[in-house]
Amino acid sequence: MASSWDGSNDPGSQSDDSLHFERLHIEPIYDAFVCPLTKQVMRDPVTLENGRTFEREAIEKWFKECRESGRKLVCPLTLQELRSTEMNPSMALRNTIEEWTTRNEAAQLDMARRSLNTGSPENETLQALKYVQHICRRSRSNKHVVRNAGLIPMIVDMLKSGNRKIRHRALETLRIVVEDDDENKEFLAEGDTVRTVVKFLSTELSKEREEAVSLLYELSKSETLCEKIGSINGAILILVGMTSSNSEDLSTVEKADKTLENLEKCENNVRQMAESGRLKPLLTQLLEGPPETKLSMAGYLGELVLDNDVKVLVARTVGSSLINIMKSGNMQSREAALKALNQISSCEPSAKVLIEAGILSPLVNDLFAVGPNLLPTRLKEISATILASVVNSGEDFDSIPLGPDHQTLVSEDIVHNLLHLISNTGPAIECKLLQVLVGLTTSPTTVLSVVAAIKSSGATISLVQFIEAPQKDLRVASIRLLQNLSPHMGHELADALRGSVGQLGSLIRVISENTGIAEEQAAAVGLLADLPERDLGLTRQLLDEGAFLLVISRVTAIRQGEIRGNRFMTPFLEGLVKILARVTYVLADEPDAIALCREHNLAALFIELLQTNGLDNVQMVSATALENLSQESKNLTTLPELPSPGFCASVFTCFSKQPVITGLCRIHRGMCSLKETFCLWEGQAVLKLVALLDHTNVNVVEAALAALSTLIDDGVDIEQGVLVLCEAEAVKPILDVLLEKRTEILRRRAVWAVERLLRTDDIAYEVSGDQNVSTALVDAFQHGDYRTRQIAERALKHVDKIPNFSGIFPNMA
């Protein structure tokens, strides 16, 4: 009978590992203990009317099968028909079996206990662990027996085994021991056991990871253990990582997710989950929790560092709720909401979401409020920071109403209030409000409204004074604002800079800092570059301050690679070149400007800058500077002094032979050089300018054509200038500019240049055969302004003098 009770006939029975101890009985097994159907020791024996005893569950299953198959109800042993299915509990037998089982289990458990040590063979340890699992599954009360027998610490010690099979089975056993038993959970959680289990989450063995997650899931069902699990460094982070892993088994991912759901009962765990990228619990509690929970969740959110994508998600999920909290009367809640909104408003997409949710009105109200609703300074600073963030989102703020009066952020009263706050608050708030104005003046749809409000408030001088602020952020914000304003109120800013003591020098000192190229330097250069280039007084002051010498050294350093590039390199170099070019606008009125250009050979520098491919603004400004320099060449050229004729030459004309002077400039008819007279021909700049006539940027083409036109302008030898252009193969590119009709300014310049070229008969002869040129000139004559029409008419007359022959542009040289 003992051999038939090994479970071999029951595929769902315990494994051979656990049966090792089951077979070791201190008392024999009596036949009456065994169910005839299951061949297992009975737990709930019942007796039929014929006196036969069976396991209740087994005989009930037998009767059910008989009914479903339509057979008569018979005894499964005698096959005799039964009149009744009544089953009488065999209490005496049940008590006897329980007493027998208890005595045997105690002995078997003791044998298993002796096998749970590091010195036991692998198979005995595995069998002992499996037996513990078996008895715990068989009866919930056995779990208490296991605990009282001191087996739980012994099983925990097996987690330190060097045998992975033992470690895996120990984790599995602990899970079964604590299932549905809070006392065992509490007992297991004492000491460092939970920390040890968490370490298994990082093991390379997937089976151990899976069992460790399953065990933690069981432990997390106890609310008192949730805080302990969350307090273990890295536990929540690892679990969050598991839930998003593509390499983990699906069941492991699900268990990790369920474990985290249980851990959400503890607020500190929710915070850790948010820090690890699992924000949903925090957001859910912020939306649905009681007021004190909402407050704490908003406070947590304000301390988090979030990715931009996450900021957008948070803004969409809880943005409106945070705005409502911000508008409430509780100052503590308003502070928490403001800090959270400050975190999520700092990227453009999330800022736009908050604008749609209506954040602008309460922000402006907080900044301008007085009386009982007045925010403390620290919160006003946060409000100003949020406003600066949302304003820099690029939205159209002249169409977003504020309050019942339908004002907008760029309404005159609002801008005046902002300017008033800027002049009457601390540096931190001033900086953020200046950044608000920077954002509003960056947009072409709102800049003019802000400019008008600044002019009407008379705040220009006050804004300029911030250039000397000791706080770097404040200086940067003010310089950026003034740079945005300069295209629209350049003369006012130039007057303020000239009239204020120290501001211009402060800008120059910023540029002179040898710390690379930072935002402050780029903004300072940009501001000076955008001021009116023909303001003689400002240029003289810049000369006196040594600004141009500094700019030259910076440009040279960049070209020589001494200053490394960063994201501000391009605007910095463009601004430097534009500042340097302004000295070429005052050559006729400022001798010091000419001396500077000569001493530092600026014409050669601008010719080099023509070749900075990819920097269109640098090429355009350099070409314009060369135009200005070339315009002055005819005034700087020195004519040679001819020797006075001798006595014989004055009496006898046959002796008065005119001396031949060599080395004169073909265009300016005097002594020229690039450095002294800025002559483009002497400086070999013509080919480089011609190359720019094919540029994709029309502004570069216009500047290059203007510079080339100085070679055929009034006051020079036009015929020689035309020949120089022919030698540089510039005629066809100039005609192409005329034919392309890209802009009205280009057409006007091209018509002027073509008319000068057509004064040369050979060119007029060639052009007369090109109907496209004639058509373009006719079009300019019909649709150009008065001056252009006059010039086009003269050009057409040049062409009409020559018959129409074929052959266009042979080698003119």
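A few points on the structure. (Residues numbered from 1 in each chain as written. Predicted model: local features only at pLDDT ≥ 70, side-chain atom pairs only at ≥ 80, totals over all residues. Heavy atoms only, no water.)

### Description of the overall build of the protein chain
When you go through the protein chain residue by residue, the secondary structure sums to 44 helices and three strands. On C-alpha atoms alone, the protein chain measures out to a radius of gyration of 47 Å, which is more than a quarter above the 28 Å that the 2.2 N^0.38 rule sets for 813 residues. For the protein chain, the C-alpha atoms occupy an extent of roughly 170 × 75 × 55 Å along the three principal directions. For the protein chain, restricting intrachain contacts to residue pairs at least 6 apart in sequence, the fraction spanning at least 24 positions comes to 66%. Carbon and sulfur atoms make up 48% of the accessible area of the protein chain, which amounts to about 38500 Å² in all. Across the protein chain, the mean location of the 84 positive side-chain charges is 4 Å away from that of the 109 negative side-chain charges. (Helix = DSSP H or I, 4+ residues; strand = E, 2+ residues; numbered from the N terminus. Rg over C-alpha atoms; globule rule 2.2 N^0.38 Å. Contact = heavy atoms within 4.5 Å. Areas by Shrake-Rupley, 256 points an atom, 1.4 Å probe, with all protein chains shown as cover. Lys, Arg positive; Asp, Glu negative; His and termini not counted. Charge placed at Lys NZ, Arg CZ, Asp CG, Glu CD.)

### Things to note about a negative patch on the surface
A surface patch of like charges, here negative, comprises Asp180, Asp182, Glu186 and Glu190. Its place among the elements puts Glu186 in helix H8 (residues 182–189). Residue Glu186 is classed as partly exposed on the basis of its relative accessible area, which comes to 34%. (Patch = residues over 30% accessible without salt bridge, like charges linked within 9 Å, V, L, I, M, F, W, Y side chains within 5 Å. Salt bridge = Lys/Arg side-chain N within 4 Å of Asp/Glu carboxyl O. Buried < 20%, exposed > 50% of the residue type's maximum accessible area, 1.4 Å probe, protein only.)

### With respect to the side chain of Thr293
As for its placement among the helices and strands, Thr293 is situated in helix H16 (residues 291–303). Note on Thr293: relative accessible area 10%, which makes it buried. Filtering out sequence-adjacent residues up to four positions away, Thr293 remains in contact with Glu267 and Gln285.

### Structural notes on helix H33 (residues 602–609)
For H33, a buried count of seven out of eight residues is recorded, marking the element as mostly surrounded by other parts of the structure. Within H33 the residues assigned to the buried category are Leu602, Ala603, Ala604, Leu605, Phe606, Ile607 and Leu609.

### Looking at the packing of helix H26 (residues 472–499) against helix H29 (residues 536–545)
Running from N to C, H26 and H29 point in directions that differ by 40 degrees, and their axes come no closer than 10 Å. Relative to H29, the element H26 lies oblique. Where H26 crosses over H29, the two elements pack in a sense that is left-handed. Contacts between H26 and H29 involve Ala494, Leu497 and Arg498 from the first element and Gly537, Leu538 and Gln541 from the second. When grouped by side-chain class, the residues that make up the contact of H26 with H29 number three nonpolar, two polar and one charged. (Axes fitted to C-alpha atoms, helices over the stretch in contact; angles between N-to-C directions. Parallel < 35°, antiparallel > 145°, perpendicular 65-115°, else oblique. Left-handed = near helix turned anticlockwise from the far one by under 90°. Nonpolar A, V, L, I, M, F, W, Y, C, P; charged D, E, K, R; others polar.)

### Description of the nonpolar core
Generally speaking, soluble globular proteins have nonpolar side chains that are buried together. In terms of nonpolar packing, the biggest core is built from 197 residues, with Leu282, Leu301, Leu322, Leu409 and Phe606 touching the most fellow members. At eleven residues, H26 tops the list of elements feeding residues into this core. Dropping the residues within four chain positions of it, Leu409 is found in contact with Leu360, Val364, Leu387, Val391, Phe397, Leu402, Ile414, Val415 and Leu440. Grouped together as the second largest cluster of nonpolar side chains are 50 residues, Leu151, Leu174, Phe200 and Leu239 included. (Core = buried A, V, L, I, M, F, W, Y, C linked by side-chain atoms within 4.5 Å.)

### Observations regarding the packing of aromatic side chains
Scanning the model with the defined rule gives two aromatic pairs in all. Arranged with centres 5.3 Å apart and planes meeting at 75 degrees, the rings of Tyr30 and Phe33 form a pair that is edge-to-face. Through a chain of ring-to-ring contacts, three or more aromatic side chains come together here, namely Tyr30, Phe33 and Trp100. The ring centre of Phe781 lies 5.6 Å from the NZ or CZ of Arg789, which sits over that ring. (Phe/Tyr/Trp six-rings, centres within 6.5 Å; stacked < 30°, edge-to-face > 60°. Lys NZ or Arg CZ within 6 Å of the ring centre and 35° of its normal.)

### Notes on the sheet that holds strand S3 (residues 88–89)
Across the sheet, which stays open at both edges, the three strands sit in the order S2-S1-S3 with antiparallel pairing between neighbours. In this open sheet, the two edge strands, each paired with only one partner strand, are strand S2 (53–55) and S3. In this structure, strand S1 (residues 45–47) lies alongside S3, joined through two bridges in antiparallel fashion. Pairing of Thr47 across the sheet is with Asn88, part of S3. (Pairing = 2+ DSSP bridges.)

### Comments concerning the environment of Val476
Counting through the fold element by element, Val476 comes out in helix H26. We classify Val476 as buried; its relative accessible area is 9%. In this structure the C-alpha to C-alpha distance between Val476 and Glu519, which are 43 residues apart in sequence, comes to 7.2 Å. Those residues in contact with Val476 that sit more than four places away from it in its chain are Glu519 and Glu520.

Distances and angles like these do not, on their own, reveal function.
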